[in-house]
Every structure is written in structure tokens, then in C-alpha cells.
Amino acid sequence: MTAKNHSVKTRFAPSPTGYLHIGGARTALFAWAYARRHGGTFVLRIEDTDVARSTPEAVQAILDGMQWLGLAHDEGPYYQMQRMMRYKEVIGQMLAAGTAYHCYTSKEELDALRAEQEAKKEKPRYDGTWRPESGKTLPTPPSGIHPVVRFKNPTAGVVAWDDQVKGRIEIANAELDDFIIARADGTPTYNFCVVVDDWDMGITHVIRGDDHVNNTPRQINLLEALGAPVPRYGHLSMILGDDGTKLSKRHGAVSVMQYDEDGYLPEAVLNYLGRLGWSHGDEEIFSMTQFVEWFDLDHITSSAAQFNTEKLNWLNAHYIKLADDARLGQEIHRRLARQGVENTASPDPGEIAALYKDRVSNLNELADSAHAFYVAPHASAELKAQHLTEAAKSALKDLRSRLASADFSPEVLGKTLKETLAATGLKMPQVAIPLRVVLLGQPQSPAIDRVLAVLGRTEVLRRLDQAL
Ligand code: GLU
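So, a few notes on the structure that sits alongside this text. In this text, all values refer to a predicted model and were calculated from it rather than measured experimentally.

Examining the pairing of strand β5 (residues 148–151)
Here β5 shows two buried faces, one formed by Val148 and Arg150 and the other by Val149 and Phe151. Looking at chain direction, strand β4 (residues 100–103) and β5 are connected through 4 bridges and run antiparallel. When the sheet's bridge partners are listed, Cys103 is paired in β5 with Val148. Both β5 and strand β8 (residues 180–182) contribute to a ladder of 2 bridges, which runs antiparallel. By the bridge assignment, Val149 is partnered in β8 with Ala182.

In C-alpha cells form, the structure reads like this:
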């Protein structure tokens, strides 16, 4: 075990209100890689306080997606719903310290206030009625009303941070009002939980989507009021679809597990996501080991990254070629089983993978190619009419009698085919193409001697006998 570098601790903090989508996966990858790069700790935190929208299925989908990608966490998963006592404790401390206060303004009063401010073209904000100030006399709390708790946000100065991606950001405190940190029923609000967690968990670098930029000044003010260290922040720009609009369900596969379903290898998706908004020179293909070695926050672009399905397909083809045959064989087995083809013991799917892995860019395509090895295909009438001529059939009969006793190694099979060519006076394609149509239901395939060897004598003879 190498000692952990306590100076870097990152987290991925998804809300389980849907699947782990591709944007979330990129955020997770960057936070994970930053921790790994610095020998630090990567925390997984499930932000499940929105009880109306959080579901156990979504939690599971996030855990599955992280596991499929291989983004292992060192700590957690922490669940915010299990930390309620702690949030309430901190709220109590803030009330006692005077950095937060009870507010009894009712919803109706807030609505009226907002309408008034909007009519005056002012930004809607809480008017500070219940905010304690020295020398100010507060109204008498109305009876029977449960107050909310508001944070006493500083009124002067600016909140500023050097965003690791976007550069310096400054917000005037006058722009921020005293936001609610606990609702009337006592439940803490989103920004508050994030702050207590980042503090308690010792997070040093918050890497997240830039939809949270507006929360950051509030979170920094809260951390400072608590006397907690302020982490560094890096906000990642959004991902656009192939067509340049915000990535959404319309663009097809947005859930990470959908990519598995659609035939992508996790290393292709990871490599692809690694390049989505980050670069290391012109490097396009890198392993995760290499990525972790290179990864930094300085080379993240602050502009939106555009999704490019063609590039992902290209990477997928690359990683399929590199993948181990036995592993690809398991993918074939799993994918064919989904189509109801359960028995893929023989021929060995790993051998079929070896035949096809250079020719496909997708695991489903690979499984589709393997299908004909397990379920005898029916060539279309047109294909048969075109290729199974009388001359072809008599050549295949000649071949069949030789194959009945030939050794089924590619070398011997190659020689056997040549013997048929010599006996019939035909050229290789005139025999090989009809043979493919009979064996696999289509005129193209990898080298026919290898196809014969993988399919095996019994099945080859059976298919030939059926066709002739
Ligand atoms: N739970 C938030 C989300 O899923 C992320 C919060 C954060 O990273 O600070 O968008």
C-alpha cells in the first residue's frame, strides 16, 4: 500500500434522480483522475435529499455505471439521507453562533414581496425582515408558525475564487440574499448539505459541472462562516450533442449503461470522455494509466465540448482489436444470450472473436457476426440463385467429400480447398463465395479456411448436406 496524499481529496456527488449519464460520467472521470494523479482520495457521495425525485433504482444505476467504467472510489458511498443528524447539529451551531437565524416570513408574504420587486423591475430577494443586526429590534415571532433558518450572508464585499477551469470569478455579496439553509420542517437544503459534506469529508478539490457555478459563492460564504477551509473549485463546461445543442435524451444513448447495451467497451468510452474537453497535445488514444499520468486541470477547455459519435466508434474499433479474445468471447456469449441464443459453448466464442475483431467497430456487430456460427442461417433466395449455380454445387460436393476426412486445421483446409479448385477448374472465389453463402448465409466473411476450422467438421458437413 502506498501512503495516500492527504493534500488531494476529490468527490463525485451525483443526485440519484436518473441514470448516470455521459456528462456525469465525465465529471466522475475527471474527479477520479485528479485524485489518482496526485495519489489522493476519491470519494463517492450520493446526494439523495430530494426524496421526491431520488430512487433506489437510480442509486443502483449510478453504482453500476461507475463499476462498468472502473472508476473505483476510495471512500463512500456516503448517503446524505444518513447524515441528517449531522446537518441539524451544524444548523444548531450556526443559530447559536449568530451566523444563521430564524425567519418567520410566510410564503404569502414572500410571494407579495416578490410581486412588488418584480413590478419595480428589481431582482427578487428576501428583504431581511428577520435578519438580526446590532441595534435592530426584531418583530415578535408569530405563534404557531415554524420558522425557516436563513444564512446570514455578508452584505459587503465580493466572493471570489480562482476557478481551475474558468479562471477568476467574482460575485458581489450584494447579489446574494440570505438563502434558506433549513426548511420549516427542519430539513436542510441542498447548498447547505453540500457544504457540510465537503467540509466533513475534507474535500480539497471540487470538480463538477458548471451548472453549479451559481451555487459556489453561496457555498464559499457558508464555509467561511463555519470557519471551514475552502476547497479549490473547477467547473466543467457542458457537453453538446453531435448537432451542437445541449446533450439530451434526444441524442440517443445518454445513460452510461446504454453504451454497454449499444456495444461499446468501457475503455473506449473512458478514452473518449477523457478527450471531451481535455487535451494532451494531439494525443487521441491513451490508456487510463496514461491518462492519469497526464491529467491536469490546466488543459481543460472552458468552452463547451461537442460530442462526436464517429470518433467514439473509431475508438471502440481500436479497443476491440486490442481486447483479449476470451473477453470478447464472453461479450459474444452475453449478447447472444440476450437474443435467446443460450448455448454458445461450441464453437468457442473466443475463436469467433479472433476471426472478426479486426472487422467490427462494435460488440453488437461482433455478436451478430457470431450468430451464424450457432444458429444455421438461411441465405435469401436471391443469394442462393446468384451463387449456388450448378457448377458451384458440384464443386461444393467435391469439397464435401474431401472435408469428410480432412484434418480441420486452417493449413490442411487451405490445401483441401485448392484440391477442389484443381479438380473442378474453378477459381477460389467461385468456390469460397458459394461456400460462405451455405455456411454463414452471406457472401463475405473472414478467410474461409479459418471459418471452416472454427465452425468444425460436424457443423460444416451438416450445413453442406442441407444445401446440396
Ligand atoms: N448533486 C449535484 C448534481 O448531481 C452535484 C453537486 C456537486 O457536485 O457539488 O448535480
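There's more to say after this.
Points about the packing of aromatic side chains
Two measures describe an aromatic ring pair: the distance that separates the ring centres and the angle between the ring planes. Under the definition given, this model contains 14 aromatic pairs. Between the aromatic rings of Tyr272 and Phe307, the centroid separation amounts to 4.9 Å while the plane-to-plane angle is 65°, which identifies the pairing as edge-to-face. One end of the pair, Tyr272, is in helix α8 (residues 266–274); the other, Phe307, is in the loop between β12 (305–306) and α10 (309–322), and 35 residues separate them in sequence. Of the two residues, Tyr272 and Phe307, both sit in the buried class. Pairing Phe286 with Trp294 gives two aromatic rings, centres 6.1 Å apart and planes at 75°, and the pair type is edge-to-face. Trp294 shares its class with Phe286; the two are buried. Taken together through their ring pairs, the aromatic side chains of Phe30, Trp278, Phe286, Phe291, Trp294 and Phe295 make up a single cluster. Note that Arg86 overlies the ring of Trp199, its terminal NZ or CZ placed 5.6 Å from the centroid. Sitting above the plane of the Tyr126 ring, Arg150 keeps its charged end 3.7 Å from the centroid.

Some thoughts on the pairing of strand β3 (residues 75–79)
Inspection of the sheet shows strand β2 (residues 41–46) paired to β3 by 3 bridges, in the parallel sense. Looking at the pairing, Val43 lines up with Glu75 of β3. Note that the unit made of β2, helix α2 (residues 56–69) and β3 has a crossover that is right-handed.

A few points about the pattern of salt bridges
For the structure shown, the criterion picks out 32 salt bridges. Of the charged contacts in the structure, one is a salt bridge between Asp197 and Arg83, with a shortest N-O distance of 2.8 Å. Here Arg83 lies in the loop between β3 and α3 (84–97) and Asp197 lies in helix α5 (residues 190–200), a separation of 114 residues in the sequence. For the pair formed by Asp197 and Arg83, the shared burial category is buried. For Arg400, the salt bridge goes to Asp465, with nearest N and O atoms at 2.5 Å. Taken together, the residues Arg400 in helix α15 (residues 390–403) and Asp465 in helix α19 (residues 457–467) connect sequence positions 65 residues apart. Given the relative accessible area of 24%, Arg400 is considered partly exposed. For Asp465, a relative accessible area of 40% puts it in the partly exposed group. Among the charged side chains, a salt-bridge network with shared partners connects Arg11, Arg45, Glu47, Arg83, Arg86, Glu89, Asp197, Asp198 and Asp200.

Some details on the site of the ligand
Every residue near the ligand is listed here: Arg11, Ala13, Pro14, Ser15, Glu47, Tyr190, Val194, Arg208 and His212. In this structure, Arg11 approaches the ligand through a side-chain N or O atom, which is 2.7 Å from an oxygen atom. At 2.7 Å from a nitrogen atom of the ligand is found a main-chain nitrogen or oxygen belonging to Ala13. When isolated, the ligand has an accessible area of 300 Å², and the protein chains bury 82% of it. Per-class residue counts for the shell around the ligand are 4 nonpolar, 2 polar and 3 charged.

Re the side chain of Arg150
By the element assignment, Arg150 lies in strand β5. For Arg150, which is buried and forms no salt bridge, the nearest opposite charge comes from Asp177, at a distance of 5.4 Å. One polar contact links the side chain of Arg150 to the main-chain carbonyl oxygen of Asp178, over a distance of 2.7 Å. Apart from residues no more than four positions distant in its own chain, Arg150 is found in contact with Thr99, Ala100, Tyr101, Cys103, Leu110, Tyr126, Asp178, Phe179, Ile180 and Ile181.

What to know about the packing of helix α16 (residues 410–424) against helix α18 (residues 448–455)
Where α16 contacts α18, the axes come no closer than 8 Å and their chain directions differ by 120°. Comparing the axis directions of α16 and α18 gives the class oblique. Note that α16 runs across α18; the crossing there is right-handed. Of α18, the residues touching α16 (which contributes Pro410, Leu413, Gly414 and Leu417) are Ile448, Asp449, Leu452 and Ala453. Considering only residue class, the contact of α16 with α18 consists of 6 nonpolar, 1 polar and 1 charged.

Regarding unusual backbone geometry
Cis geometry marks the peptide bond from Gly76 to Pro77, where omega comes out at 0°. Within the fold, Pro77 resides in strand β3. With omega at 0°, the peptide bond leading from Ser346 into Pro347 counts as cis. Structurally, Pro347 can be placed in the loop between α11 (325–338) and α12 (349–356). Within the chain, Lys121 stands out as a residue other than glycine whose phi angle is a positive 60°. Judged by its relative accessible area of 76%, Lys121 falls in the exposed class.

Conventions and cut-offs
Residues numbered from 1 in each chain as written. Predicted model: local features only at pLDDT ≥ 70, side-chain atom pairs only at ≥ 80, totals over all residues. Heavy atoms only, no water. Buried < 20%, exposed > 50% of the residue type's maximum accessible area, 1.4 Å probe, protein only. Helix = DSSP H or I, 4+ residues; strand = E, 2+ residues; numbered from the N terminus. Pairing = 2+ DSSP bridges. Phe/Tyr/Trp six-rings, centres within 6.5 Å; stacked < 30°, edge-to-face > 60°. Lys NZ or Arg CZ within 6 Å of the ring centre and 35° of its normal. Right-handed = clockwise from strand over helix to strand, strands pointing away. Salt bridge = Lys/Arg side-chain N within 4 Å of Asp/Glu carboxyl O. Near = heavy atom within 4 Å. Polar contact = N/O pair within 3.5 Å; in protein donor to acceptor, adjacent residues only side chain to side chain. Areas by Shrake-Rupley, 256 points an atom, 1.4 Å probe, with all protein chains shown as cover. Nonpolar A, V, L, I, M, F, W, Y, C, P; charged D, E, K, R; others polar. Lys, Arg positive; Asp, Glu negative; His and termini not counted. Contact = heavy atoms within 4.5 Å. Axes fitted to C-alpha atoms, helices over the stretch in contact; angles between N-to-C directions. Parallel < 35°, antiparallel > 145°, perpendicular 65-115°, else oblique. Left-handed = near helix turned anticlockwise from the far one by under 90°.

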